[in-house]
Structure formats: C-alpha cells, structure tokens
4 protein chains.
Amino acid sequence: MYSFKNDYSEGAHPRILNALLESNYEQEDGYGEDEYCRKAAGLIKEKIGTTEVDVHLLSGGTQTNLIAISAFLRPHEAAIAVSSGHILGHETGAIEATGHKIISVDASDGKITPSHLRAVLDAHPDEHMVKPKLVYISNSTEIGTIYKKNDLVQLREFCDKNHLILYMDGARLGSALCAGENDLELRDLPAIVDAFYIGGTKNGALLGEALVICRDSLKEDFRYHMKQKGALLAKGRLLGIQFLELFRDNLFFELAMHANKMAELLKEEMCEAKISFLTDSPTNQIFPILPNSVISDLEKKYGFHIWKKVDADHTAIRLVTSWATKEEVVLGFIEDFKKILQRIA
Amino acid sequence: MYSFKNDYSEGAHPRILNALLESNYEQEDGYGEDEYCRKAAGLIKEKIGTTEVDVHLLSGGTQTNLIAISAFLRPHEAAIAVSSGHILGHETGAIEATGHKIISVDASDGKITPSHLRAVLDAHPDEHMVKPKLVYISNSTEIGTIYKKNDLVQLREFCDKNHLILYMDGARLGSALCAGENDLELRDLPAIVDAFYIGGTKNGALLGEALVICRDSLKEDFRYHMKQKGALLAKGRLLGIQFLELFRDNLFFELAMHANKMAELLKEEMCEAKISFLTDSPTNQIFPILPNSVISDLEKKYGFHIWKKVDADHTAIRLVTSWATKEEVVLGFIEDFKKILQRIA
Amino acid sequence: MYSFKNDYSEGAHPRILNALLESNYEQEDGYGEDEYCRKAAGLIKEKIGTTEVDVHLLSGGTQTNLIAISAFLRPHEAAIAVSSGHILGHETGAIEATGHKIISVDASDGKITPSHLRAVLDAHPDEHMVKPKLVYISNSTEIGTIYKKNDLVQLREFCDKNHLILYMDGARLGSALCAGENDLELRDLPAIVDAFYIGGTKNGALLGEALVICRDSLKEDFRYHMKQKGALLAKGRLLGIQFLELFRDNLFFELAMHANKMAELLKEEMCEAKISFLTDSPTNQIFPILPNSVISDLEKKYGFHIWKKVDADHTAIRLVTSWATKEEVVLGFIEDFKKILQRIA
Amino acid sequence: MYSFKNDYSEGAHPRILNALLESNYEQEDGYGEDEYCRKAAGLIKEKIGTTEVDVHLLSGGTQTNLIAISAFLRPHEAAIAVSSGHILGHETGAIEATGHKIISVDASDGKITPSHLRAVLDAHPDEHMVKPKLVYISNSTEIGTIYKKNDLVQLREFCDKNHLILYMDGARLGSALCAGENDLELRDLPAIVDAFYIGGTKNGALLGEALVICRDSLKEDFRYHMKQKGALLAKGRLLGIQFLELFRDNLFFELAMHANKMAELLKEEMCEAKISFLTDSPTNQIFPILPNSVISDLEKKYGFHIWKKVDADHTAIRLVTSWATKEEVVLGFIEDFKKILQRIA
C-alpha cells in the first residue's frame, strides 16, 4: 500500500536530518534566539530580497494562521476566506477560538477576487456586524490552483483602497512557486502581501513554517503572541536548522519541483486517458474524476482521499505528491491505472 | 563558554535522532494517528500501569498547559497556582488568553498545600468572583523542590472533597522522580492527579510532552482542543518516535538520573565550601547564593541565570544540569569555583 | 414622520413605568437577588407550568445569546443557525468573540429543519472541524415566520438522537405565540427546547429578556457567566419589576396581540391591493414587495427599513408594528398607501 | 431594617423617572443613536470642557470595564490594578475572560503609584511574560479613598514615559469629586487620563455609566465593541434620558454631595466616640472598626457589610450612603449607635 494521501507522510529530507545530527551537541539559547534561527531568518530575507521584513519560525499551519490572524486583528475585526479555505473547514474553529469570525465567500477555483471582497464590504456596513479586515488566501490553494501575479496585484490594490490586510497561507507555497504556469517569485511578495508564510512541513521538513511579516504595523511584539499561544519551542533551533538547510541552496525549490513533476506525470497520463479533473491544478495536488469502480480497484494498492461525489458513477479523488514521492512508484501507479481502465473498458 | 542556563541547550539524545533516521521513509498517517504515536501511548500506559488513561503527545509545556487547562475548565472557572508557578509568570498570560484567571498563592518552597487551597476557596464564595476549580502544581517545581507522595495524597483528598481538579505540570517530572528523596512513582499518579504531563523537551527529546489524562470526565474530545490550538502536528510521528525511544527501556529515567547526579556533584562541593542555597532542591536546578564577586568571575567562563538578589553582597544564581551535561565540565566548574573562592578568601 | 422601523422605538408600557415609580424607594438587594426578580421568576415559572426551570433576567438579546451560548458550549463546540439568524449577521460576531464558530445553513423561510442538521453533522465528522453542538432558532424568526409545534418536536427528536442542544431566541416570542396560525404555548417549551428566552424589550419593556433554562445540565453556575459578561445589573430590580408587571396578568400577551393585529391590518389591505410579500409572516414584521416609486413616496411620511432588492423595479421593505403602534396611524398609512397606488396606476 | 449595604438599594432619583415618563411615547432610533443619547453626550462634553472626547453610555461598571479594557489592549497586553481593585476581585474574571491578565499590586490605601508601576515594568521585561499596558485606577477607590490631582498628574507622567494607558473607573466618581479634600474637576480629566467613566448607577440612575474616551487612538470603532459584548441597548434612550437629566443642571453633583454629607455625619459622630476607621475615606463609603458586640446589636436594625476582621474583638464594617439616604435615618442610626456604646461601656 503506497499512500498519495498527503505530502507529510514521510519524515524529513535526509539533508535536514543530517543537519540536526551535526549540530546536536552545540549549546544554543532557547526559544528561537539561537544562531540557527537568526541565520535562517537572514537567509530567508536574502531570498525574499529585503531585510525590511520580520521572519518567525513556527511549527505548523494552523498554529501559524491562528497566531498571525489573532495578532493582526482587533476584537471586532473579521477575516474573509473562500469556503474551501483551510481556516474555514480544517482548523477546528481555531480562528473563531481567538474571537474572530471568518466571512466565507464561494469560489469554484478556490481563489478570492476583488469582487468577492467588494460584496463582503457592502454587506458589512456598520457596527451591528463584524468589520471585515483581513483577506486570507492560500497559495497554492486547498484545491491545487495558484494565484498569478496579476491576481495578487489586483487584490493588493483593493486592500490598499479599503484598508484591508492581505495574508497568504503558504503551506504549499513551494509547490505554487514551482508550478509551470506560475509567474510569481518570493521577492515579489513583500510588495504584494502584508504577511505570508513559507511552508516547510509539506515540503521536506519535520515541521516548520516561516512566517514573514512585511507590513511594519503588524510586526510589533509578535514574539509575545507566539509565546502566549504555546508556539515558542524551547529548542527553537529545531526550526532554525531546518529552514537554514532548506534555503542554504535551492533545496526548498528542488523538493517542490520534484513534487510537482510527479503530479504532472500522473496528470499527463490521466489526461491522455480522457480523465477530467475537478480543478485545474498545476501543483502537487490533483483531483481526477474517476469511475467509482476504478477507485475501488485503485484503493486496493494505493492510499488517497475520496474528495467529492461528482455523479452517481463518478467521484473525484485527491492525489498528493511530495518531495518523497518516488518516480518508480508513480510509474507503477500509472501502469496499474491503465490496466484497470482497460479492464473496465 | 559553557552554559548551565537550562536543560534545553542541546539537541536530542543520539538514540532519538537515530530513531528518526531509521523511520524516516516509512509512510505514516498524519496528526498523531500513526503507528509510533499509538505505540508510544501504549508504552507510556504500560509504564504508568493502567490503560485507563488517555495519552496525547504535544510540543511544549506552555502549549500543553494552555490546552489542558482551557479544555478542563468552564469559562467562569479559575486555576490556582503558587506565585512561582510557570503558568503565572513565564507563559505570557497563555491561560488568561484562553479566558481563565489564575489565582496566585505564596509558597516559599514552591509547593501548594491544602491550607492554601482552603484560603482560596474561602475568599471566593460567590458569583461575583471566579470559581476556583483547577489546582496547578509542578513537579519538580520551578525552584527545584519536589512533592513527596504524601503531599500529593493530601492535595488529592482536599480536591476530592471540594470538587477540584488536580493537574501536574511535569516539564521536569523525570528529574523529580529520580531525585534522591523522592518516594513517588509514575504508577502512583493516576490515583492521585486528574491529569499530568511527562516532559520530554527538558529530558532529552527535541521537543515533546506526553499529557496523561486520568479522570474520565476530562478525556472527551481532547484532540479537538489540540487541533483548535494548533498543536496537532502534521507529522505527529515526530513526537511518537521520540517518546517511544525514551520509554522503550529506561532511557527517560537514565537521562534524568544523570542530570540530577551532575547537579548533586555541584551541590556537594558548594555545600562543602559553606555555600547556602535559596531552595532545598534535590533535582537538576540548584540555586546557590554566592558573593557577587564570585558570580562576576564565574560569568567569564560559564553561562547561568542570575536569579535573585539576596543582600547587598550576595545573589542567588540558577545552575541547571541536563542529560547532556558532561561530568568533566562539572568537575572543571568545581575547580574554577574553588579557585575563585580561594582568591577572594 | 412615523416610524415602522422596529418595535423598540418608544419607551415602555405605562404600567411598567408606573410599577417603577411605585417601588422606587423600597430598598432591595442588588444584582438580581431582590424580591421583584424572585417574584418575576416565580411568575414566569407559573406561566410555563413548571418549577423545574431556572429563570434569569438579562438586558438584551445579543447579551442573552452570547452568555447562554458561551455558557452551554465547550471551546471546540459550535452553534448552527440559518443564514438569516440574528447571531450570524446582527450581533457583530458576539458568539465568535466568545470563541465559538457558527455554522450557517440556508433556509428561505428562516427556519431550521432536521435535514439541515443532518447535513451539518455529516460535514463535520472529526476533530479537524468544530463539533456542531447547539441549534439556534428564533421564534418568530428574523423574517417574521414562526415555528409550528410539530416543527419543534421534530427538531427535538433530532437533537435528542444526536446529543444537540436546542436553544430558542425569543426576542419576539410574544408575537410568535400570539400569531393566528400558532399552535405553541409557553408551557410546551420546557419539553421541547433546552433553553429559550422571552423577549421583553420588543414587547413593551424598557429593556429585559427572561432566559429560561430547562435542561438541568445547563443550569449550574449560570449567574457566574452573567456577572463575568457584565450582565448582572446592580439594580436588578429594574428587570424584575418589569417582568412582574408583564406577567402579573396577561399584559405580555395583550401587547403582542396588539402588535400582530396592527401588522395584520397592514397585510390585509396590501394583499387586497395585490401586493406580494417576501415571506409568509403572521407576526409583527411584514415584508411587502413594492414598486420602487411607491417606496419613495411612502418614505416621505413613514420610516421603515429597505430590506432587499427584488428586481429592477421592486424592493421588499420591512414594516414592524409594536405594542405602541396606534391603530389610527396604521389606518392613515393604509389610506396614504392606497392613494399612492392610485396615483401610479 | 434599613440598609447601608450599598448605594444602589433604591430605584432612581424621581427627576429621572419623570424624564422617562415624559419622553415615553416619542419615537427614537435604537441602539444609542437617538436624540437623548446625542444630547447627553454633548452635555457631558460641555461639563468636561472639550468636544475632543468620545462619550458612550453603558449599563454597568463591569460591562464598561470589560469592554473598554478589551478594546484598548492587544492580546498580549495586561492591565495593572491594586489588589482591592474592582476588576480583580469583584467581576468574576471578566477581564481575563476577554483574554487579558491583570497584574496585582498591593496598596493599603487602595491607590496605585508610579513606584508600583516601576516595579511591575521591571518584573516584566520580555515576551515570556505579558506586557503591562493599562493602568486601572478607581476614583473613589473601592475603600473610599480618593486620588488628589497631583497623584494623577504623577501617574500620567509615568504613563507617558512608559507608553501606558491610564484608565479610571468612576463608578463612584461623583462622590470622589464632591469629597471635602478633593481638588480634581471633571474638566481636568481629559488631560490626565486616557479614558474614564462617570458612574450613574451608584449616583441616582436606574442604570448607566458614561464612558469618556480621551485619547484619539482608543476611539476608533468603539461601538463595535459595545455591540459585540451585548452592551448596545435597543432602547438606548433609556441611558441618554438619564444622563441628560443628571447633567442638565447640577443634579449629578448634588446627589453625590448628599451621599458624602450623610457619610460625613456618621463619621463625625463615630470619631467623637473614639472609633477608628480602616481607611481614611472622605467619600460615601466608610469603614469603622467596631467591637463585635456593637456590630451584633447594630445588625438587628441595620443592614451593612462585614468587611474585615481586625482583631479578636474588633471588625471593620462598611457603611455606604447614597443620594437616597435620609438624614433622619442617619440621625436615628447615630442615636442607636450611641446607646449601644453606652450599654457596653
């Protein structure tokens, strides 16, 4: 049984484990004030192309989202997200637990647009409702699509005009930035979003997300919020060492590129077999719509998530590839898939 | 410069790193539902001597405290802690941020007693005040002392009579259980406390605390709280693998024993030199009261925390030893210490 | 300019003011522990037909909703409401501010059904999502419709089977219970809902809602929650005196009946003029769909809320009547309305 | 039995009830946007001597404190209060329930000083602790003492230098401003505090506190916070009418003056009888230390709070006078008191 369930099924890239081993007996200060965290932050700033941002290393996506959003908002302010957004349906009300409503908008491609935002603002005119304040976007989105640079520039302009904060969940930012059709770079982000994070957990780290705060007014006292929410690891070095390794050269991008390539392989063969997809994903999550009987057969040998019933006979599944996905397994999957198709033809 | 600042200055015990390496390419389910977490929980239950507890693996002490306490209490209920308690002064208001007041009581030895609790209950008679509900104790305490079994039994009796929850922060439980004068065992705990955690971070793990919930009524839905507070690691295996290694044999206790032994070495030599201590600690944190000039000299070569001014010429410092503290360094420190004393004599 | 904007435009029924005057110099205990609050609670229990409920007097609907819901739920639990529900769109995120998500379901008649609930439960299977726990309904609803007894019995059955709490917002319960087609009585409620409130503010009081907690497990320590949220009035008598007056005889129902009758008058004449309505409301809020030009004319002389654009030429408005609405004003409105219609015919 | 338990035992000053009666049938907008609230705010600004403040009318002290403090602070910031402060011991953890710790300092006279603040700041140096941000003071204090103008100017200076917010709970501000030794005026406050409230409930209103926000940065969106916490009364006029009446002429001050005079009468006679007091109160709360046998005798005819045991034979009680306290009752009390003293002499 091989799992395409997600991109966090294995441990970490061996270079990361090795870096942990090598540094193991060095004594470092605690709580992220060590040499490794400092260097990792410096390196990330270098890759982003500016020192005018703050970088904080955290343990996971839900943790990062809840700390950032609750630190950025005043009590009466709300976030806006698409209904498929991770904070809406997969974080157990973590944002609401910090006191903030999330306003949901529908978008079949998982991407928010200025017209969504316009409608939300129009529907929230006064103090009897929450005040929409932070726009939450994910890149890549929860359904594999990506924001093009121009999409983001338009959101930025809308946010500027309407005093909104633009926040990007980058749990799979690596995969987004390495997608074929992507035209966005890390160094574009500080001018476009107010804060974003670079996901490590889903791109080769044991755990770790690097939150980058671009807007000055959101920077103050951020470590207080991290500590208050239980996110300052005593051995913060664990995060520093990993991000240092991911960004020391191009490892971060190489791993994402590999994951995308594996997904592309799967997609190409399925397209050839006239399979259609629920979403137009150029990243490491793909959502083929398959005959139910094919799914039953695949399930005997492969693990994946049943995503959504499409009609009586067809269902979309989610296949996720990662830095650890082996090409031979993908090729084997394709072969099995073709055989199953032939059998039912 | 060698640091006695804390017990989380180094990485992890090599056996733990090795276990991570060996399991690295196995595919596992996410969010703590993997084989390693299951086995670790099973093993911990075995060591505790009962399967009638729930075990959850978390990343750090503040995180564990805030999730457990906020899950256990209703909105109007409060925790009670000694003024030196970790949740009171070292967690950035994490408990209050979940909505709960902490009622502080003074105890020079860092230990709460039934008479403290009696006074708190008497001072909170009605709905104009919070309702005291959870007793927070640390073992070992923040100042190195430990609870004897009888101390705890008396607390338990008081809590039973008064419908209070008894919760033990075990960030340094290893050191407490391995102290010379200790008469408590892991398997005593389920009958005495309602929940406690076994600290891994300060006893050889990269990160990790094992929360053990003993009282049935506190168990329900606990994983929801973990997820909501951002504490379910995608690669939960990282915690499972470590605790499995710590408890596979006696590694957890061996590491704590070593830390205590190193502290004992320091203490003995200092006692011999007629140094007195701020607290009577049998564990891996000691608080010698030293002439200020001695401190200045020591600081040139060793790192430690200045704890508390005692009089114009004397100050208590904190020395912490750990699983990683090397005996030769301790012996070197003692030698340096003696030389400094001779010089100023 | 006469306002049909809402049912809280005037002060209080004169009998209430008189009761305040008469009791003014009596000394009473504070915080709702006075004779009047006790008697009012007793009287309300009598009207409900059981002493097995707890009655608490609060100041307003948002306050009552937020205190009750946050007291009833554990941190990871969520409320379910129709999208037009007051807690979703008109309370500034008050429920979320206490940490709880509200799951929204769509219902054109403003009423929740077991099939809505089934769908919500199916969509929230595990700890990565909130746990749906409390069903929030309003009677009458925010769009004037009412729950028939059988609607509620079915909800109760579903809630029982699925361990859900059924909570009724009764800001306009008087109007609902006095509607022509209503078949529900106050004394039916304890067997059907777990808690509900009887709205005073919108039915003749200066301010005041009587929360009735029926389910035993929700009763404990409720006054703590009231105090913690700033809802225990020092001069609690102010609420007790008013509810005592409203329920001393049938004043509460007489006032609601009058409001409904005034709405009925408006509705009948509009129906006769072939006006259709956005919702089928038998209560004191009606939503006629009018030509825009008629609305412009009416606005010169009457105040009301523009509710919803229906098509290019038509808009639904909201007309609200109350205990204080004068029949001659209603008749005058009807006359004006007919003249306007003739003019544009 | 006549009660000296508190200053909210009776209803409202008859002029207030009369104003409610006279305005009863006027139609007004809801939620504090009516003519009366506007006029009351205008009048209060006039009395304060500036239009550069925002005035909001709320229902009670706990409500006002919790909304103001939670609106003013970011999640990691804390309030500082003396241990006798109302928010610390009499509001059921209302501030903590909004997520904020209160740091307690001891002051036998109930008054905070710059040296208290200095010590708090020194003890909270970094992100492992909350960030002290708001200084909560009460005037008059919970034990009847008052702040002199110079006390406040010194606090202001300290707060300015250290970026702290100075907030004054004025539940009994009337009594403070009318005390014999007072040298503070309403119009001094905007230059000294960042926000304060003028208590109506304890000075003749049915309910009502007027929050005055002086510092610009604290003003934005305040009504959102009021609504979110359930404090925007539908019939906001109820508060506007009362404050308009209290400040239309000098009623507010006349009522406070009367209360103080009644307390003074009691105090003088007791002083003459060589009774000492727990605190040096020039306001409407006094704390005589009486022989226990005297207390037992007084309790047969008068209601009051037992405040604090002083020694085996003596206890301090609290006597509170108000706008409604009748001089003949006070004289009767004094007579009874003298008789009791003679009897035990």
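Residues numbered from 1 in each chain as written. Chains lettered and ligands numbered in written order. Predicted model: local features only at pLDDT ≥ 70, side-chain atom pairs only at ≥ 80, totals over all residues. Heavy atoms only, no water.

Participant: What exactly am I supposed to notice about the UniProt feature "domain: Aromatic amino acid beta-eliminating lyase/threonine aldolase" (unreviewed entry) in chain A here?
Facilitator: Annotation from UniProt places "domain: Aromatic amino acid beta-eliminating lyase/threonine aldolase" (unreviewed entry) at residues 28–287 of chain A. A distance of 44 Å separates the end C-alpha atoms of residues 28–287 of chain A, which is 41% helix and 15% strand. (UniProt positions renumbered as here; feature names shortened; annotations may be inferred. Helix = DSSP H or I, 4+ residues; strand = E, 2+ residues; numbered from the N terminus.)

Participant: What is the right way to read the interface of chain B and chain C from this model?
Facilitator: One frequent convention defines the size of an interface as the accessible area lost when the parts assemble. In this complex, chain B contributes 21 residues to the contact, which on the side of chain C involves 22 residues. Taken together, both faces of the contact between chain B and chain C bury some 2100 Å²; the carbon and sulfur share is 47%. Taken together, chain B and chain C are joined by 6 salt bridges. For the salt bridge of Glu127(C) with Arg223(B), the shortest nitrogen-to-oxygen distance reads 2.6 Å. Summed over the shared surface of chain B and chain C, the result is 16 residue pairs in polar contact (both at pLDDT 80 or more). Tallied by class, residues from the side of chain B that touches chain C come to 7 nonpolar, 5 polar and 9 charged. (Contact = heavy atoms within 4.5 Å. Buried area = accessible area lost by both parts, 1.4 Å probe. Salt bridge = Lys/Arg side-chain N within 4 Å of Asp/Glu carboxyl O. Polar contact = N/O pair within 3.5 Å; in protein donor to acceptor, adjacent residues only side chain to side chain. Nonpolar A, V, L, I, M, F, W, Y, C, P; charged D, E, K, R; others polar.)

Participant: Before we go on, may I ask you to explain the relation of the copies chain B and chain C in this structure?
Facilitator: Note on the identical chains: chain B maps onto chain C by a rotation of 180 degrees and an axial translation of 0.0 Å, with an RMSD of 0.0 Å. Classification of the inter-copy transformation places it as that of a two-fold axis. Taking the C-alpha atom as reference, chain B places Arg74(B) closest to the rotation axis, 3.6 Å from it. Comparing interface residues between copies, 100% of those in chain B also sit at the interface in chain C, which points to an isologous, same-surface contact. (Least-squares fit on C-alpha atoms with pLDDT ≥ 70 in both.)

Participant: Please clarify how the pairing of strand E14 (residues 314–320) of chain C should be interpreted in this entry.
Facilitator: Here is the key point about a regular strand: its side chains alternate between the two faces of the sheet. Residue and element names in this part refer to chain C. Buried residues dominate E14, accounting for 6 of its 7 residues. The pairing of strand E10 (residues 285–286) with E14 spans 2 bridges and is antiparallel. Considered in E14, the bridge of isoleucine 286 is made with leucine 319. In the sheet, strand E11 (residues 288–291) pairs with E14 via 3 bridges, with the strands oriented antiparallel. The partner of leucine 290 across the bridge, within E14, is threonine 315. The pairing of strand E13 (residues 305–309) with E14 spans 4 bridges and is antiparallel. Of the residues in E14, the one forming a bridge with histidine 305 is arginine 318. If you look at the hairpin formed by E13 and E14, you'll find 4 residues sitting between the two strands. (Buried < 20%, exposed > 50% of the residue type's maximum accessible area, 1.4 Å probe, protein only. Pairing = 2+ DSSP bridges.)

Participant: Looking at this structure, I do not really get the sheet that holds strand E5 (residues 131–138) of chain C. What am I missing?
Facilitator: Backbone-to-backbone hydrogen bonds pair the strands of a sheet. The strands run either parallel or antiparallel. All names here are of chain C. Sheet architecture is open: 7 strands sit in the order E2-E8-E7-E6-E5-E3-E4, paired in mixed fashion. In the strand order of this sheet, the two ends are held by strand E2 (54–58) and strand E4 (102–105), each with one partner. Taking the axes of each pair of neighbouring strands and ignoring which way they run, one obtains an average angle of 25 degrees across the sheet. Across 5 bridges, the pairing between strand E7 (residues 195–199) and strand E8 (residues 209–213) is antiparallel. Each residue of the ladder has a partner; that of phenylalanine 196, found in E8, is valine 212. (Axes fitted to C-alpha atoms, helices over the stretch in contact; angles between N-to-C directions.)

Participant: Help me out: how do you make sense of the pattern of salt bridges in this one?
Facilitator: Close approach of charged atoms allows side chains of opposite charge to pair. Going through the model one piece at a time under the given rule, you end up with 92 salt bridges over all chains. In this structure, the salt-bridge partner of Lys301(B) is Asp336(B), at a minimum N-O distance of 2.9 Å. Of the two residues, Lys301(B) sits in the loop between helix H13 (292–299) and strand E12 (302–303) while Asp336(B) sits in helix H14 (residues 327–344), which places them 35 residues apart along the sequence. By sharing partners, the salt bridges in this structure join Arg15(A), Glu245(A), Arg248(A) and Asp249(A) into a single network.

Participant: Even after reading the chapter, I still don't get the pairing of strand E2 (residues 54–58) of chain D, so can you show me in this structure?
Facilitator: Residue and element names in this part refer to chain D. With 4 of 5 residues buried, E2 is to be regarded as a mostly interior element. Relative to strand E8 (residues 209–213), E2 runs antiparallel, the two sharing 5 bridges. Looking across to E8, one finds that leucine 57 is bridged to alanine 210.

Participant: Would you take a moment to explain the environment of Lys133(D) for this structure?
Facilitator: Residue and element names in this part refer to chain D. Assignment of secondary structure puts lysine 133 in strand E5 (residues 131–138). Along the chain, lysine 133 and leucine 73 lie 60 residues apart, while their C-alpha atoms are 7.4 Å from each other. In this structure lysine 133 touches Leu73, Glu77, Ala78, His163, Leu164 and Ile165, once residues within four positions along its chain are discounted.

Participant: I keep staring at the sheet that holds strand E3 (residues 77–82) of chain D and nothing clicks. Help me out?
Facilitator: All names here are of chain D. Taken in spatial order, the 7 strands of this open sheet run E2-E8-E7-E6-E5-E3-E4, and their pairing is mixed. The sheet is open, and its two edges are formed by E2 and strand E4 (102–105), each paired on a single side. Within this sheet the neighbouring strands show an average axis-to-axis angle of 25 degrees, counted without direction. Looking at chain direction, strand E6 (residues 165–169) and strand E7 (residues 195–199) are connected through 2 bridges and run parallel. Each residue of the ladder has a partner; that of tyrosine 167, found in E7, is alanine 195. Contacts from helix H11 (residues 237–248) reach E2, E7 and E8 within the one sheet, and its direction differs from that of E2 by about 115 degrees.

Participant: How do you make sense of the side chain of Lys267(D) when you look at a structure like this?
Facilitator: The topology assignment puts Lys267(D) in helix H12 (residues 251–272). For Lys267(D), a relative accessible area of 15% gives the class buried.

Participant: What am I meant to see in the packing of aromatic side chains here?
Facilitator: Within a pair of aromatic rings, the relevant descriptors are the distance that separates the centres and the angle that separates the planes. Tallied over the full model, the rule gives 60 aromatic pairs over all chains. Ring centres of Tyr302(D) and Phe333(D) lie 4.7 Å apart, and the angle between their planes is 70 degrees; on these two criteria the pair is classed as edge-to-face. Of this pair, Tyr302(D) sits in strand E12 (residues 302–303) while Phe333(D) sits in helix H14 (residues 327–344), and the two are 31 residues apart along the sequence. Summarising the burial analysis for this pair, Tyr302(D) and Phe333(D) share the class buried. One aromatic cluster is present, built from ring pairs that chain together Tyr2(A), Phe4(A), Tyr302(A), Phe333(A) and Phe337(A). Seen from the ring of Tyr147(B), Lys111(B) lies directly overhead, with NZ or CZ sitting 5.6 Å from the centre. (Phe/Tyr/Trp six-rings, centres within 6.5 Å; stacked < 30°, edge-to-face > 60°. Lys NZ or Arg CZ within 6 Å of the ring centre and 35° of its normal.)

Participant: Which parts of the structure should I look at to understand the domain arrangement of chain A?
Facilitator: Residue and element names in this part refer to chain A. On domain assignment, one finds that chain A holds domain 1 (2–6 + 252–344) and domain 2 (14–250). Here the C-alpha centre of domain 2 lies 28 Å away from the C-alpha centre of domain 1. Each partner contributes residues to the interface: domain 1 has 18 residues there, and domain 2 has 24 residues. Both sides together, the interface formed by domain 1 and domain 2 hides about 1900 Å², and carbon and sulfur atoms give 60% of it. Contact with domain 2 buries area across many residues of domain 1, yet Phe252, Phe253 and Pro282 alone supply 38% of it, more than any other trio. Counting across the domain 1 and domain 2 interface gives 0 salt bridges. Our count for the contact surface shared by domain 1 and domain 2 stands at 12 residue pairs in polar contact (both at pLDDT 80 or more). (Domains from an automatic or database assignment.)

Participant: Hey, could you run me through the environment of Ala256(C) in this one?
Facilitator: All names here are of chain C. Considering the arrangement of structural elements, one finds alanine 256 in helix H12 (residues 251–272). Distance in space between the C-alpha atoms of alanine 256 and glutamine 27 is 32 Å, their sequence separation being 229 residues. Not counting residues within four places of it along the chain, the set of residues in contact with alanine 256 comprises Gly174, Ser175, Cys178 and Asn203.

Participant: Quick question: what am I supposed to make of the interface of chain B and chain A here?
Facilitator: The interface is formed by 47 residues belonging to chain B together with 47 residues belonging to chain A. Carbon and sulfur atoms make up 56% of the area that chain B and chain A hide from each other, which totals about 4100 Å². Counting the contacts that link chain B with chain A gives 2 salt bridges. Lys5(A) serves as the salt-bridge partner of Asp29(B), at 3.6 Å between the closest nitrogen and oxygen. At the boundary of chain B and chain A, one finds 22 residue pairs in polar contact (both at pLDDT 80 or more). Listing elements by their share of the side of chain B that touches chain A, those giving two or more residues are strand E1 (2–3), helix H1 (14–23), helix H3 (61–72), helix H5 (94–97), helix H10 (222–228) and helix H11 (237–248) of chain B. A total of 4 residues in the side of chain B that touches chain A trace back to one element, the largest contributor, which is H1(B).

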